[in-house]
Amino acid sequence: MRTLLSLLLTLCLLQLLAVTHSVDGLRSASASTLAALPQQQSFSARIVGGNEAALGDWPGIVSIQNRFGFPFCSGSIIDDRWVLTAGSCLSGLRAPNLLLLAGTTASWNLSAVGYYADKIYVHCNYDKPLYHNDIALIHLTTDVEYNDYIKKLPLAALDELQLQEPLNFAGWGAVEEEGSISVPLMQASGSYLDVPACRRALGNTENVDEGHVCVQLPQGQGMCYSDAGAPLINAQGQLVGIGNWGVPCGRGFPDVYSRVAFYHDWIRSTINGYALG
């Protein structure tokens, strides 16, 4: 009985830790940025808009979880053994403690295909300065087995985004500001906002530069906690951004993603460096 009780207490503690990590899964704007935002905006907790994704809509996305199956971030399959995500998802974690679920729209799915990791590569300048270089790679222990529901996402190698270009994103983040993470995969669409306009919308913050992609959505829609690492794609299905930070959740301000094209050289050099041993 004592052994069973100890096991239950341990599992509860692990779940609490996973939830705590998930709250950090989308990093909120800094205090100085929040203080500079226009005060006429509504700051009430709102359900984040969007709709449930169907199986096969996002074959390149993975749910990043701990080994006990508690999800806290998302990532994208970009090569046979490589997943791209946010550095804030993995900083301080060990690769053997990760489980990545693919080919599913449910973050809790015992029948989903799972992959384990043996290496984590967080950008060497992660958070230098704050919210910059928030990118990381996960190396898997086995090759990804592709099918109709599991595919690699092509990277946007060239920075050719146009103002107001439609962009789509998906993730398992919370559907309301103080809510728990979503079990079904949610998706939404927004439009590209250039860096100068994004900075102005976020109170002239210095936490946005050419290494970021900003997406403007209607108030009531947007990223929320645990959407870090989530993919942002263009109309051609190319990965253009990785969930980075924002003003949670759905308050009418732009969401900020790490710009994949900006980090293309780092991504390729990291993958090639691993291959060379």
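Structure report, in brief. Values in this document were obtained by computation on a predicted structure and should not be read as measured data. (Residues numbered from 1 in each chain as written. Predicted model: local features only at pLDDT ≥ 70, side-chain atom pairs only at ≥ 80, totals over all residues. Heavy atoms only, no water.)

## Digging into the overall build of the chain
Put simply, the rule is: Each helix corresponds to a stretch of at least 4 residues labelled H or I by DSSP, and each strand to a stretch of at least 2 residues labelled E; elements are numbered beginning at the N terminus. Note on classification: 1.4 Å probe, protein chains only; a residue is buried when its accessible area is under 20% of the maximum for its type, exposed when over 50%, partly exposed between these limits. Any two residues whose heavy atoms approach within 4.5 Å are treated as being in contact. Surface accessibility follows the Shrake-Rupley procedure with a 1.4 Å probe radius. Residue values consider only the protein chains on display as shielding.
A tally of helices and strands in the chain yields 5 helices and 14 strands. Every one of the 277 residues in the chain was classed for burial, and the buried ones make up 52%. Taking contacts inside the chain between residues at least 6 apart in sequence as the whole, the part at least 24 apart equals 73%. Looking at the chain as shown, the accessible area adds up to about 12500 Å², and 54% of this sits on carbon and sulfur atoms.

## Overview of the packing of aromatic side chains
Rules: Only Phe, Tyr and Trp rings are paired, with Trp represented by its six-membered ring, and only when their centres lie within 6.5 Å; those with planes under 30 degrees apart are stacked, over 60 edge-to-face, the remainder tilted.
Scanning the entire structure with this criterion turns up 6 aromatic pairs. Between Phe 70 and Trp 108, the ring centres sit 5.6 Å apart and the planes meet at 75°, which makes this aromatic pair edge-to-face. Here Phe 70, found in the loop between β3 (61–66) and β4 (71–79), pairs with Trp 108, found in the loop between β6 (98–102) and β7 (113–122); they are 38 residues apart in sequence, far enough to count as distant. What makes Phe 70 buried here is its relative accessible area of 11%. Geometrically, the ring pair formed by Trp 82 and Tyr 121 is tilted, given 5.9 Å between the ring centres and 45° between the ring planes. Of this pair, Trp 82 sits in strand β5 (residues 82–85) while Tyr 121 sits in strand β7; the two residues are 39 residues apart in sequence, bridging distant segments of the chain. Given the relative accessible area of 6%, Trp 82 is considered buried. Counting every residue linked through ring pairs, the aromatic cluster contains Trp 82, Tyr 121 and Tyr 274.

## Some details on helix α5 (residues 264–275)
Heads up, the condition is: Each helix should span, by expectation, one fewer than its residue count multiplied by 1.5 Å.
Given a rise of 1.5 Å per residue, 12 residues ought to cover 16 Å, and the 17 Å separating the end C-alpha atoms of α5 matches this to within 8%. Listed in full, the buried residues belonging to α5 are His 264, Trp 266, Ile 267, Thr 270 and Ile 271. On its buried side, α5 packs onto β4, β5, β7 and β8 (136–140).

## So, the pattern of salt bridges
Selection criterion: Each reported salt bridge corresponds to a side-chain nitrogen of Lys or Arg within 4 Å of a carboxyl oxygen of Asp or Glu.
Per the stated rule, a full pass over the model turns up 4 salt bridges. Residue Asp 79 pairs with Lys 152 through a salt bridge whose shortest N-O separation is 3.7 Å. With Asp 79 in strand β4 and Lys 152 in the loop between β8 and β9 (166–171), the pair connects residues that are 73 residues apart, well separated along the chain. Relative accessible area serves as the criterion here: at 41%, Lys 152 is assigned to the partly exposed category. Lys 152 is the partner of Asp 80 in a salt bridge, and the nearest nitrogen-oxygen pair spans 3.5 Å.

## Here's the deal with the pairing of β8
Spelled out, the test is: A strand pair is defined by DSSP finding two or more bridges across the two strands.
Taking burial as the measure, the 5 residues of β8 include 5 buried ones, the bulk of the element. Here β8 shows a buried face lined by Ala 136, Ile 138 and Leu 140 and a second buried face lined by Leu 137 and His 139. Pairing of β5 with β8 involves 4 bridges; the strand directions are antiparallel. Its bridge partner lying in β8, Leu 84 is registered against Leu 137.

## Observations concerning the sheet that holds β3
In a beta sheet, neighbouring strands are held together by backbone hydrogen bonds and run either parallel or antiparallel to one another. Note the threshold: Each axis is a line fitted through C-alpha atoms, and for a helix only the stretch in contact is used; angles between axes span 0 to 180 degrees, taken between their N-to-C directions.
Spatially, β3-β4-β5-β8-β7-β6 is the arrangement adopted by the 6 strands of the closed barrel, whose pairing is antiparallel. Strand after strand, the sheet turns through a mean of 40° between neighbouring axes, direction not considered. One ladder, built from 5 bridges, connects β7 with β8; its direction is antiparallel. From the neighbouring strand, Ala 117 faces β8, where its bridge partner is Leu 140.

## Overview of the side chain of Gln 65
Rules: Here a polar contact is taken to be a pair of N or O atoms separated by no more than 3.5 Å, where protein atoms must pair a possible hydrogen donor with a possible acceptor and residues adjacent in sequence count only if both atoms sit in side chains.
Residue placement: Gln 65 occurs in strand β3. Taking relative accessible area as the criterion, Gln 65 reaches 2% and is therefore assigned buried. Looking at Gln 65, its side chain comes within polar contact range of the main-chain oxygen of Ser 107, at 2.6 Å. Beyond its immediate sequence surroundings of up to four residues, Gln 65 is in contact with Phe 70, Pro 71, Phe 72, Asn 97, Leu 98, Leu 99, Leu 101 and Ser 107.

## Observations concerning the nonpolar core
Stated formally: Nonpolar cores were defined as sets of buried Ala, Val, Leu, Ile, Met, Phe, Trp, Tyr and Cys residues, with membership established by side-chain atoms within 4.5 Å.
Grouped together as the largest cluster of nonpolar side chains are 42 residues, with contacts concentrated most on Ile 78, Leu 84, Leu 100, Ile 138 and Ile 267. Discounting chain neighbours no more than four positions away, the residues touching Leu 100 are Val 62, Ser 63, Ile 64, Val 83, Val 113, Gly 114, Tyr 115, Ala 117, Ile 138 and Leu 140. Counting 13 residues, the second largest nonpolar core, distinct from the first, contains Ala 156, Leu 167, Val 215 and Met 223.

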